[in-house]
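A closer look at the structure
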Amino acid sequence: NAGVTQTPKFQVLKTGQSMTLQCAQDMNHEYMSWYRQDPGMGLRLIHYSVGAGITDQGEVPNGYNVSRSTTEDFPLRLLSAAPSQTSVYFCASSYLGTGMGSPLHFGNGTRLTVT
Amino acid sequence: TQLLEQSPQFLSIQEGENLTVYCNSSSVFSSLQWYRQEPGEGPVLLVTVVTGGEVKKLKRLTFQFGDARKDSSLHITAAQPGDTGLYLCAGASNAGNMLTFGGGTRLMVKP
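Every value quoted in this text rests on a predicted model; they were computed, and no experiment measured them.

1. Things to note about the state of the cysteines
A full pass over the atoms with the stated rule returns 2 disulfides over all chains. The disulfide that involves Cys23 of chain A links it to Cys91 of chain A, with 1.9 Å between the sulfurs. Torsion about the S-S bond of the Cys23 of chain A and Cys91 of chain A cystine: about -70°, corresponding to left-handed handedness. Residue Cys23 of chain A is located in strand β3 (residues 19-25), and its partner Cys91 of chain A is located in strand β9 (residues 87-94); the two are separated by 68 residues in the primary sequence. On the basis of relative accessibility, which here comes to 2%, the residue Cys23 of chain A falls in the buried class. We classify Cys91 of chain A as buried; its relative accessible area is 0%. The disulfide partner of Cys23 of chain B is Cys89 of chain B, and the gap between their sulfur atoms is 2.0 Å. Here Cys23 of chain B and Cys89 of chain B share a disulfide; its torsion about the S-S bond, 80°, makes the bridge right-handed. Of this pair, Cys23 of chain B sits in strand β3 (residues 19-24) while Cys89 of chain B sits in strand β9 (residues 85-92), placing them 66 residues apart in sequence. For the pair Cys23 of chain B and Cys89 of chain B, one class covers both residues: buried.

If you want it as structure tokens, here you go:
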């Protein structure tokens, strides 16, 4: 059982480059989200989606785009990478929205370095 | 923006000792979750507490939700090296679909 799969596991970008972080889940979860984790700051929500075709901004959305064309996939796009986007990125899904107390299932993260 | 403060940030103890991690906010949450994260992996849910004053036990771990639903604590009895990891609390609001995480407590249990 795969759960939430993130690719790639590691990535190094130069400032100004673009890339897409992939996230796929096989649990038929409606809710998907992207977080970034920085030392001492816990996890901060970037964008989330409550279903295919619906996305919304989280706490730190600037510099990131998302789309949700299918229930399974929720890619995160960095249009022009900046050193401030160096972080570990986690994709997470849940059966119901987090306002219902539904637990999040996390992928194993993508470690991104922007030089 | 709702904020959750966790304390302590770091904790290094000997095997067999007891410890408590605190998660505090000025905001009211509809539910609060505790996660544990190991290096190179995503967080994994330990427990969800929903009712003010609720206490849940998971083997040697005891979780409590404050009466006013603004704070929570995690108590570990007789800690073991396998308890080593990053502990994160996260609060959910009825108002939306955003889960707010605390900054985490990094626990190291030495044999």
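Further notes follow.
2. Things to note about the pattern of salt bridges
On inspection of all chains with the given rule, the structure shows 5 salt bridges over all chains. Note that Arg60 of chain B and Asp83 of chain B form a salt bridge whose closest N and O atoms lie 2.9 Å from each other. Taken together, the residues Arg60 of chain B in the loop between β6 (55-58) and β7 (61-65) and Asp83 of chain B in the loop between β8 (71-76) and β9 connect sequence positions 23 residues apart. Residues joined by salt bridges that share partners form a network here, namely Arg36, Asp38 and Arg44 of chain A.

Calculation criteria
Residues numbered from 1 in each chain as written. Chains lettered and ligands numbered in written order. Predicted model: local features only at pLDDT ≥ 70, side-chain atom pairs only at ≥ 80, totals over all residues. Heavy atoms only, no water. Disulfide = S-S within 2.5 Å. Helix = DSSP H or I, 4+ residues; strand = E, 2+ residues; numbered from the N terminus. Buried < 20%, exposed > 50% of the residue type's maximum accessible area, 1.4 Å probe, protein only. Salt bridge = Lys/Arg side-chain N within 4 Å of Asp/Glu carboxyl O.

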